[in-house]
Amino acid sequence: RQQDYFRQIDSFAGHDTMPADKFGFSLDCDYYGRNVVVGAPDAAVADDDSTSISQAGEAYVFTQTVQRFTANGTLKAFTTEDTLQAKIFVEVDGVLQIETENTDVPTDNEGSTEGFYTRSGNTVTFKYTPDNGSIIDIYTGTFREKQKLTQTTAGDTITESEQFGYSVSIDSKATMVAVGSPGED
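A quick note: this is a predicted structure, and the numbers were derived from the prediction, not measured.

Trainee: Can you walk me through the overall build of the protein in this structure?
Mentor: On a plain count of helices and strands, the protein comes out with zero helices and 14 strands. The N-to-C order of helical and strand elements in the protein reads β-β-β-β-β-β-β-β-β-β-β-β-β-β. Out of the 185 residues in the protein, the part that is buried amounts to 39%. Taking the contacts inside the protein whose residues are at least 6 apart along the sequence as the reference set, 62% of them involve residues at least 24 apart. Surface exposure of the protein reaches about 10,400 Å², of which carbon and sulfur atoms provide 48%.

Put into structure tokens, the structure is as follows:
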């Protein structure tokens, strides 16, 4: 969300999704939006004999790329390998920092130092020097596929029209994923 409207910040698909898979039919994310699970209930899935089973379904788990740094007590600038997207999160020792030129911040923070940063390209520069040993996590806004789930992930046999991925859910802390399959026998 940006002020009083929503804006697309990223799009993604599974590494092997096809248009007929209905990728995105179901979707859920954790509390912070850092982990996303997406269902593709009409995906054809290969069984143990490499036979394509129609509408068996799949679900995909994506996670936001995090670059972690350890502060040395002198550096203020940290450069990520990944491109920083429009919306990112930066934490120092688990405390969320605020971008000073971010239009979501309603006040002028240029005079402040602690807890604020600027960015240019792939570099985040703090207005203060993080303490030696501080853990800096930069959530880049880029999502990568973490895992593809099918019925075989849980040891089940794949059968036609199970539509695994028809509904999906992830808990608020991203520790558990549930996948619905209305055609499961």
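From this point, the discussion proceeds with the structure in view.
Trainee: Would you mind showing me how to read the packing of aromatic side chains here?
Mentor: One pair of aromatic rings is described through two measures. These are the centre distance and the angle between the planes. Summed over the entire model, instances satisfying the criterion amount to twelve aromatic pairs. Seen from their ring centres, Phe12 and Phe62 are 4.4 Å apart, and the 40° between their planes marks the pair as tilted. Taken as a pair, Phe12 in the segment before strand 1 (26-29) and Phe62 in strand 5 (residues 58-70) lie far apart in primary sequence, 50 residues in all. Between Phe23 and Phe62, the aromatic rings sit 6.2 Å apart at their centres with planes inclined by 85°, giving edge-to-face as the arrangement. Taken as a pair, Phe23 in the segment before strand 1 and Phe62 in strand 5 lie far apart in primary sequence, 39 residues in all. Residue class for Phe23 comes out partly exposed when judged on its relative accessible area of 24%. Members of the aromatic cluster, connected to one another through ring pairs, are Phe12, Phe23, Tyr60, Phe62 and Phe143. Of note, Arg34 hangs over the ring of Tyr32, and the distance from its end group to the ring centre comes to 4.8 Å. Above the ring of Tyr139, the side-chain terminus of Arg34 is found at 3.9 Å from the ring centroid.

Trainee: Just checking my understanding: could you explain the sheet that holds strand 11 (residues 123-126) for this structure?
Mentor: If you walk across this open sheet you meet the four strands as 6-11-10-9, and the pairing is mixed. Pairing within the sheet leaves two strands with one partner each, and these edge strands are strand 6 (77-79) and strand 9 (98-99). Two elements, strand 9 and strand 10 (residues 116-120), share two bridges in a ladder whose sense is parallel. Paired with Glu99 across the strands is Tyr117, a residue of strand 10.

Trainee: Help me understand the pattern of salt bridges in this model?
Mentor: Between side chains of opposite charge, pairing is possible as soon as their charged atoms come close. Under the criterion given, the structure shown has seven salt bridges. Of the charged contacts in the structure, one is a salt bridge between Lys148 and Asp16, with a shortest N-O distance of 2.7 Å. Note that Lys148 is positioned in strand 12 (residues 135-149) and Asp16 in the segment before strand 1, a separation of 132 residues in sequence. In this structure, Asp137 engages Arg68 in a salt bridge whose closest nitrogen and oxygen atoms are separated by 2.7 Å. In this pair, Asp137 sits in strand 12 while Arg68 sits in strand 5, placing the two residues 69 residues apart along the sequence. Among the residues examined, Asp137 registers a relative accessible area of 7% and is labelled buried.

Trainee: Please clarify how the nonpolar core should be interpreted in this entry.
Mentor: If you look at soluble globular proteins, the nonpolar side chains tend to sit buried side by side. Formed by 13 residues in total, the largest nonpolar core has its most connected members in Phe78, Val90, Val124, Phe126, Ile136 and Ile138. Broken down by secondary-structure element, the contributors of at least two residues to this core are strand 7 (89-92), strand 11 and strand 12. Residues contacting Phe78, with those up to four places away along its chain left out, are Phe69, Ala71, Asn122, Thr123, Val124, Phe126, Pro130, Ile136 and Ile138.

Rules and cut-offs
- Residues numbered from 1 in each chain as written.
- Predicted model: local features only at pLDDT ≥ 70, side-chain atom pairs only at ≥ 80, totals over all residues.
- Heavy atoms only, no water.
- Helix = DSSP H or I, 4+ residues; strand = E, 2+ residues; numbered from the N terminus.
- Buried < 20%, exposed > 50% of the residue type's maximum accessible area, 1.4 Å probe, protein only.
- Contact = heavy atoms within 4.5 Å.
- Areas by Shrake-Rupley, 256 points an atom, 1.4 Å probe, with all protein chains shown as cover.
- Phe/Tyr/Trp six-rings, centres within 6.5 Å; stacked < 30°, edge-to-face > 60°.
- Lys NZ or Arg CZ within 6 Å of the ring centre and 35° of its normal.
- Pairing = 2+ DSSP bridges.
- Salt bridge = Lys/Arg side-chain N within 4 Å of Asp/Glu carboxyl O.
- Core = buried A, V, L, I, M, F, W, Y, C linked by side-chain atoms within 4.5 Å.

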